[in-house]
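Inside the fold
One-letter residues, chain by chain:
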Amino acid sequence: ITTDQSGQRSLSMGVLVDKVDKKENVSYLVVVNNDIERKLSGSVKLSSGSRAGGRLYDLAALSPVGSGRQREFAIAELAPGDGRVYVWCSPERFVAVRNRLLVEQAKETLRFKTPDLSIAKRWGLDMAAVRQLRQEAQAAIDREAGEDALAQAQAAQQALDELMESSAVLEECRSRLA
């Protein structure tokens, strides 16, 4: 791993190899900016042996890195102390990994709004539309339909935000607290 900061090495990388599935060549690359004062970017050069049948994917962006034929990959700028996780796997495996991450993101989106749901229920807001969207999101989660689950969870989140923002009862409460 190299950085673009005058050759100083403040980025470090660890590799975790998936030993559970012996049929596939799956590795996770974790890149961390060890500099607590500067943003850094850099590049990673993979050995020729690690390239058989796989490709590098960015798990934050949920997309491939580079063209798939290159051996050296750019590491996007990382804030001080920040990190990024990549996976080396087949395109078929990445479809499953990406879907699993989308399902988990949908679950977290629904969980994150739990306090707002309690507030909205407590103040008697009409939750029918939000409840319907949350049920659709949960059904997509149960089907493990990642993209659909996340879209429905985000729609439920937006509907709840709009409901609470437009509530006269909550606006009166907010104005008293201001």
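As a starting point, this report considers the structure included with it. (Residues numbered from 1 in each chain as written. Predicted model: local features only at pLDDT ≥ 70, side-chain atom pairs only at ≥ 80, totals over all residues. Heavy atoms only, no water.)

Quick look at the environment of Ser63 now. Take Ser63: it is sitting in strand 6 (residues 63-64). Judged by its relative accessible area of 25%, Ser63 falls in the partly exposed class. C-alpha of Ser63 to C-alpha of Phe94: the two residues are 31 residues apart in sequence and 9.0 Å apart in space. Beyond its immediate sequence surroundings of up to four residues, Ser63 is in contact with Tyr57, Asp58 and Phe94. (Helix = DSSP H or I, 4+ residues; strand = E, 2+ residues; numbered from the N terminus. Buried < 20%, exposed > 50% of the residue type's maximum accessible area, 1.4 Å probe, protein only. Contact = heavy atoms within 4.5 Å.)

Between its first and last C-alpha, helix 4 (residues 146-165) extends 28 Å over 20 residues, near the 28 Å set by a 1.5 Å rise per residue. Three or more residues of helix 4 are buried, namely Gly146, Ala149, Leu150, Gln152, Ala153, Ala156, Ala159, Leu160 and Met164. For helix 4, the elements touching its buried residues are helix 1 (91-112), helix 2 (114-122), helix 3 (128-142) and helix 5 (168-177). (Expected span 1.5 Å × (residues − 1).)

Leu29, Val31, Leu46, Leu56, Ile75 and Tyr86 are the most contacted members of the largest nonpolar core, which has 13 residues in total. Contributions of two or more residues to this core are made by strand 3 (27-33), strand 4 (40-45), strand 7 (72-78) and strand 8 (83-89). If you tally residues by element for this core, the top one is strand 7, at three residues. Excluding residues within four positions of it along the chain, Leu56 makes contact with Leu29, Pro64, Val65, Phe73, Tyr86, Val87 and Trp88. Core analysis: the next-biggest nonpolar cluster, separate from the first, contains 11 residues, Val103, Ala106, Ile141 and Ala153 among them. (Core = buried A, V, L, I, M, F, W, Y, C linked by side-chain atoms within 4.5 Å.)

With that settled, consider the packing of aromatic side chains. One pass over the structure, following the stated rule, counts one aromatic pair. For the pair Tyr57 and Phe94, a centre-to-centre distance of 3.9 Å together with 5 degrees between the ring planes defines the contact as stacked. Note that Tyr57 is positioned in strand 5 (residues 55-58) and Phe94 in helix 1, a separation of 37 residues in sequence. By the burial criterion, Tyr57 is buried, and Phe94 matches it. Arg122 extends its terminal NZ or CZ atom over the ring of Trp123, reaching a point 5.6 Å from the ring centre. (Phe/Tyr/Trp six-rings, centres within 6.5 Å; stacked < 30°, edge-to-face > 60°. Lys NZ or Arg CZ within 6 Å of the ring centre and 35° of its normal.)

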